[in-house]
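One-letter residues, chain by chain:
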Protein chains: 2
Amino acid sequence: MAMIDHSADRAVFRQLADLLRDRIQSGELGPGEPLPSELRLAQDHGLSRTTVRQAIGQLRTEGLVTVDRPRGTFVRVPEPVQVVTLARGEHVGARMPTDAERRKHRLGEGVPVLVVTTPEGTETVHPADRVQLTRP
Amino acid sequence: MAMIDHSADRAVFRQLADLLRDRIQSGELGPGEPLPSELRLAQDHGLSRTTVRQAIGQLRTEGLVTVDRPRGTFVRVPEPVQVVTLARGEHVGARMPTDAERRKHRLGEGVPVLVVTTPEGTETVHPADRVQLTRP
DNA sequence: GTCCATTTGTCCGTATGTATC
DNA sequence: GGATACATACGGACAAATGGA
């Protein structure tokens, strides 16, 4: 098993996040598959549950995993993407939603929003996990 | 002073995050201004420093504040925005960067990246706090 | 339906390290 | 050196929701 180095420069919880991220991005943990439970990870690596939660929190903010409480933590499953066409003169930015916006649009953690601004200044917000913009 | 309701349905750290977010969005705490220290917030509201850190962590993931350790926690100052023109057929998405990408591009916490994909499939990433895309 | 084990969420306390002023 | 402030890591406790026996 991959190991954690307590004497390393990098924080322990970041090392654990790196390990789990690698397992996800390598495909060893596929979309929809559960991560080991927090208790299991803590025991396996000799860490406190607090530290394990920090690591998983990191992956949550990166949008790599979602939590279905209390069933477990799962590798995020990609949403079907809808393509939206940009009109002339429109600008596009991205930012994190506020807590209120997250609930309103039912956004998962770690999912930004795309903000489209018309030349008149009107803004529309799109969930970045379900929308792609295109210049035709 | 605004109060925390321990009997409320909403978690205490979320209530504190709400209070601080309101003070930022109302302009009472302007860009570049420091938040009260974690210890100060803990004492003022009768909370543990752990809980205060949870609240501030929430605002960090929302990109509302930045931490300059150990000077303090500050309301994020908007970056100068560079406008990038989209070519025909390009697609635009957004996602959170991984930890490695964050360090590579010197991205602040809570800042997504804009991902531009050419028709050939080449991807370029832009920090969403410094770049806006436009369809001319 | 009830009981119980599992799992995540929340909150507290403590300690130590590191960088700044 | 000392005080301040954030970062990391540990520990414990209880709550809430799920799922299986």
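Taking an unreviewed UniProt entry as the reference, chain A is identified by name as HTH gntR-type domain-containing protein belonging to Actinoplanes cyaneus.

A. Region of the structure containing the overall build of chain A. Counting its secondary structure elements, chain A contains four helices and seven strands. By the compact-globule yardstick of 14 Å for 136 residues, chain A is too spread out, its C-alpha radius of gyration being 18 Å. Its C-alpha atoms put chain A at 55 × 30 × 30 Å along the principal axes. Here chain A holds 136 residues, and the buried ones make up 43% of them. For chain A, the proportion of contacts with a sequence separation of at least 24, taken over those separated by at least 6, is 50%. For chain A, the exposed area adds up to about 7500 Å²; of that, 49% sits on carbon and sulfur atoms. Across chain A, the mean location of the 19 positive side-chain charges is 5 Å away from that of the 18 negative side-chain charges.

B. Fine view of the protein's contact with DNA strand C. Lining the immediate environment of DNA strand C, one finds 21 residues, of which Arg49(A), Arg53(A), Pro70(A), Val12(B) and Thr51(B) sit closest. One nitrogen or oxygen atom from the side chain of Arg53(A) is found 2.6 Å from a phosphate oxygen belonging to DNA strand C. Measuring from a sugar or linking oxygen of DNA strand C, one finds a backbone N or O atom of Pro70(A) at 3.4 Å. For the surface near DNA strand C, the secondary-structure elements that each account for two or more residues are α3 (49-61) and β2 (72-75) of chain A together with α1 (12-25) and α3 (49-61) of chain B.

C. Here's a closer look at the packing of helix α2 (residues 38-45) of chain B against α3(B). Residues and elements named next belong to chain B. One can describe the packing of α2 onto α3 by two numbers: an axis separation of 9 Å at closest approach and a directional angle of 115°. As judged from the angle between their axes, α2 and α3 are roughly perpendicular. Where α2 crosses over α3, the two elements pack in a sense that is right-handed. Within the contact between the two elements, α2 uses Glu38, Leu41 and Ala42 and α3 uses Arg49, Val52, Arg53 and Ile56.

D. Geometry of the relation of the copies chain B and chain A. Its rotation angle being 179°, the transformation that places chain B on chain A also includes 0.2 Å of axial translation and leaves an RMSD of 0.2 Å. Both copies of the chain, as the preceding transformation shows, are related through a two-fold rotation axis. Both copies contact each other with a shared surface, as 100% of the interface residues of chain B are interface residues in chain A too.

E. Quick peek at the protein's contact with DNA strand D. As a structural note, the neighbourhood of DNA strand D is formed by 24 residues, with Val12(A), Thr51(A), Pro70(A), Glu38(B) and Arg53(B) the closest of them. Near-protein atoms of DNA strand D (within 4 Å) split between backbone and bases, with sugar and phosphate holding 67%. Thr51(A) places a polar side-chain atom, nitrogen or oxygen, 2.2 Å from a phosphate oxygen of DNA strand D. Residue Arg53(B) places a side-chain N or O atom 2.6 Å away from a phosphate oxygen belonging to DNA strand D. For the surface near DNA strand D, the elements supplying multiple residues, two or more each, are α1 (12-25) and α3 of chain A together with α3 and β2 (72-75) of chain B. Its residues placed into classes, the surface near DNA strand D shows seven nonpolar, eight polar and nine charged.

F. Local environment of the side chain of Thr98(B). Looking at the secondary structure, you find Thr98(B) in the loop between β4 (91-95) and α4 (99-104). Excluding its chain neighbours within four sequence positions, the residues that come into contact with Thr98(B) are Arg21(A), Gln25(A) and Glu62(A).

G. Local environment of the interface of chain B and chain A. Counting from both sides, the interface comprises 33 residues of chain B and, opposite them, 33 residues of chain A. Scanning the region where chain B abuts chain A turns up three salt bridges. Ionic pairing is found between Arg10(B) and Asp99(A), a salt bridge with its closest N-O pair at 2.6 Å. Where chain B meets chain A, there are 15 residue pairs in polar contact (both at pLDDT 80 or more). Listing elements by their share of the side of chain B that touches chain A, those giving two or more residues are α1, α3, β4, α4 and β7 (131-134) of chain B. Here the element with the most residues in the side of chain B that touches chain A is β4(B); it accounts for five residues. A breakdown of the residues in the side of chain B that touches chain A according to their chemical character gives 12 nonpolar, 10 polar and 11 charged. Judged from the two bridges that link them, strand β7 (residues 131-134) of chain A and β4(B) form a sheet pairing that is antiparallel. What sits directly across from Thr134(A), in β4(B), is His91(B).

Rules used in this analysis
- Residues numbered from 1 in each chain as written.
- Chains lettered and ligands numbered in written order.
- Predicted model: local features only at pLDDT ≥ 70, side-chain atom pairs only at ≥ 80, totals over all residues.
- Heavy atoms only, no water.
- Helix = DSSP H or I, 4+ residues; strand = E, 2+ residues; numbered from the N terminus.
- Rg over C-alpha atoms; globule rule 2.2 N^0.38 Å.
- Buried < 20%, exposed > 50% of the residue type's maximum accessible area, 1.4 Å probe, protein only.
- Contact = heavy atoms within 4.5 Å.
- Areas by Shrake-Rupley, 256 points an atom, 1.4 Å probe, with all protein chains shown as cover.
- Lys, Arg positive; Asp, Glu negative; His and termini not counted.
- Charge placed at Lys NZ, Arg CZ, Asp CG, Glu CD.
- Near = heavy atom within 4 Å.
- Polar contact = N/O pair within 3.5 Å; in protein donor to acceptor, adjacent residues only side chain to side chain.
- Axes fitted to C-alpha atoms, helices over the stretch in contact; angles between N-to-C directions.
- Parallel < 35°, antiparallel > 145°, perpendicular 65-115°, else oblique.
- Left-handed = near helix turned anticlockwise from the far one by under 90°.
- Least-squares fit on C-alpha atoms with pLDDT ≥ 70 in both.
- Nonpolar A, V, L, I, M, F, W, Y, C, P; charged D, E, K, R; others polar.
- Salt bridge = Lys/Arg side-chain N within 4 Å of Asp/Glu carboxyl O.
- Pairing = 2+ DSSP bridges.

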